[in-house]
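Descriptive structure summary
Below, each chain spelled out in residue letters.
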Number of protein chains: 2
Amino acid sequence: MCNAIENRDLGRLAELATVVDIAPGRVFIEEGGAADSFFNVTAGTARLFKLLPDGRRQITGFAGSGHFLGLAMSTVYAFGAEAIDQVRVCRFARPKLLRLLDDFPAMEKRLLDVASGELIAAQEQMLLLGRKTARERLASFLVARGRTGVAREHTRILLILPMTRGDIADYLGLTIETVSRTFTRFRIEGLIALPSSSEVLLLDAPALQQLGDGLNWRRQLT
Amino acid sequence: MCNAIENRDLGRLAELATVVDIAPGRVFIEEGGAADSFFNVTAGTARLFKLLPDGRRQITGFAGSGHFLGLAMSTVYAFGAEAIDQVRVCRFARPKLLRLLDDFPAMEKRLLDVASGELIAAQEQMLLLGRKTARERLASFLVARGRTGVAREHTRILLILPMTRGDIADYLGLTIETVSRTFTRFRIEGLIALPSSSEVLLLDAPALQQLGDGLNWRRQLT
DNA sequence: CGCACACTTGAACCCCCTCAACCCAAGTGG
DNA sequence: CCACTTGGGTTGAGGGGGTTCAAGTGTGCG
């Protein structure tokens, strides 16, 4: 079912939506393709990305449950989207949705809120990409993941990362190797533990927070 | 007068607005400050930026005439704003504006469009900051400036840049020196001319376009 | 005239990238 | 059951694009 949109008051929305399941690795939004659909992720995680002609990739975000996709009031998609794991989305035909927006100003306000939030996140990411070091980038990433947090026990936070090192690298403007090396250094420094390659246990979230905020420039144990 | 908002139909808006003139160098939006106002730039150019504690700065955009500021539906500003040259804005008290939005759904739709456009631009900038080389970044910047273009004569385009090299550097995630050196290289390669330090004449816009899009990896005359 | 500020240019360095090898777990097929 | 493959991850050595540090060049304005 298509929850996560808003309160049940908008039951009529469900009539316009079709549930779609997307297999891992499947690209379901093509950058530059006609933007005829609007999506609401209800399960799984997708990577959103932009490409350069020679293959360089920038991941602009990860869309998890509750995330909206394609809200850009544009005729073509500005980015691609690809399922990381098994993804389920609610798909809306854009023309119907737009017509519906006129009847539900509350929905429009909600979308504006969402877009504003995304804009703020995008500006934060620009700061990260333009001015932070590799250590700071990864620390910011881990702390941000911890906030939309999963299992937290005391001061420790266990993250489960559905994306690969390559995804993280392309999200943070680094290479796979640098991400891997930085993970290792964090582990050596006692900031994190790595139970498995897709799990990260934050051992010192405050220190990581400071590091990500650009405060720490101590603790450079090389 | 406060034009540039929309069509004259919204004359009532003007009643809520106060025109404010801002001297060059003046910070009129403080990052983290209470977001009690909404601005519409009507003259001049402002830099929008985020700071790290140690002074590192990322400029997230330049706001020229017609640009909206503070549309983030947030309680605090996510970025600072500083006048580059003499700036004139329309200032709206946020509470009044929000109340007004309920009466004018068209206005809300307009804001959603604006936010969507900014989001697309932000994603493009993430690609630039995360994956492009210094040459590609500067080329992208110049071409983008050319599109919101000023005087264009034949195939040549004359840009007048109100911002300093430092601003450009902080916008592109580079240093002043790299920006300056890249300007010089472009000049030597015949891509641009530099009548003065604040003027750039694009001599080969298509080549710059390709370079900025990540196509050119020829023309590396070192 | 001279200070301030922006810009340019040069030389040395360094953080991160590139290239390459290796490890490991999960298939897959003989 | 094991050889082989495949994909993700880690680690090492070397190199390079951009930074850092420093000096020099305008240029507007008191």
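Residues numbered from 1 in each chain as written. Chains lettered and ligands numbered in written order. Predicted model: local features only at pLDDT ≥ 70, side-chain atom pairs only at ≥ 80, totals over all residues. Heavy atoms only, no water.

1. A look at the protein's contact with DNA strand C
Definition in use: A single heavy atom is enough: if one lies within 4 Å of a molecule or strand, its residue is considered near that molecule or strand. N or O atoms within 3.5 Å of each other form a polar contact, as long as, within protein, one can give a hydrogen and the other can take it, and as long as residues adjacent in sequence are counted only when both atoms are side-chain atoms. Numbering goes from the N terminus for both helices and strands, where a helix is a DSSP run of H or I of at least four residues and a strand is a run of E of at least two. When residues are sorted by character, Ala, Val, Leu, Ile, Met, Phe, Trp, Tyr, Cys and Pro go into the nonpolar class, Asp, Glu, Lys and Arg into the charged class, and all the rest, Gly among them, into the polar class.
Lining the immediate surroundings of DNA strand C are 17 residues, of which A:A134, A:T178, B:S180, B:R181 and B:T184 lie closest. When atoms of DNA strand C within 4 Å of the protein are sorted by moiety, sugar and phosphate together comprise 59%. Within the side chain of A:T175, one N or O atom sits 3.1 Å away from a phosphate oxygen of DNA strand C. Take B:S180: an N or O atom from its side chain is 2.8 Å from a phosphate oxygen of DNA strand C. Elements supplying a minimum of two residues to the surface near DNA strand C: α6 (176–188) of chain A together with α5 (165–172) and α6 (176–188) of chain B. Per-element accounting of the surface near DNA strand C gives the leading share, five residues, to α6(B). In the surface near DNA strand C, the residues fall into three nonpolar, nine polar and five charged.

2. As for the sheet that holds strand β8 (residues 87–93) of chain B
Residues and elements named next belong to chain B. What counts, and what does not: One bridge is not enough; two strands pair if DSSP finds at least two bridges between them. The criterion used for residue contact is that any of the two residues' heavy atoms lie within 4.5 Å. The angle between two axes is taken between their N-to-C directions and runs from 0 to 180 degrees, where each axis is a line fitted to C-alpha atoms and a helix contributes only its stretch in contact.
Strands sit in the order β1-β8-β3-β6 across an open sheet of four strands; the sheet is antiparallel. What marks the edges here is a single partner per strand, and that holds for β1 (17–22) and β6 (68–69). Relative to β8, β1 is paired through six bridges, and the arrangement is antiparallel. Residue pairing for β8: A17 is matched across the bridge by F92. Of the strands in this sheet, β3 (37–43) and β8 are in contact with helix α2 (residues 94–103), which crosses β8 at around 70 degrees.

3. Here we look at the pairing of strand β4 (residues 46–51) of chain B
Residues and elements named next belong to chain B. To keep it simple, the criterion reads: For every residue, the accessible area obtained with a 1.4 Å probe (protein chains only) is divided by the maximum for its type, and the residue is called buried under 20%, exposed over 50%, and partly exposed between those limits.
The buried fraction of β4 is high, at five of six residues. Strand direction decides the pairing type here: β4 and strand β5 (residues 57–63), joined by six bridges, are antiparallel. The partner of R47 across the bridge, within β5, is F62. The hairpin formed by β4 and β5 contains five residues between the paired strands, and G55 there has a positive phi angle of roughly 105 degrees. Both β4 and strand β7 (residues 80–83) contribute to a ladder of four bridges, which runs antiparallel. Bridging across to β7, A46 finds its partner in A83.

4. With respect to the sheet that holds β7(B)
Two orientations exist for strands paired in a sheet by backbone hydrogen bonds: parallel and antiparallel. All names here are of chain B. Taken together, the four strands give an open sheet; going across it, the order is β2-β7-β4-β5, and neighbouring strands pair in antiparallel fashion. At either end of the open sheet lies a strand with only one pairing partner, and these are β2 (27–29) and β5. Geometrically, the sheet is characterised by an average inter-axis angle of 35 degrees between neighbouring strands, direction not taken into account. As paired elements, β2 and β7 share two bridges and run antiparallel to each other. Note on β7: the bridge partner recorded for I29 is A81. Along the sheet, α5 contacts β4 and β5; its crossing angle with β5, the most-contacted strand, is approximately 105 degrees.

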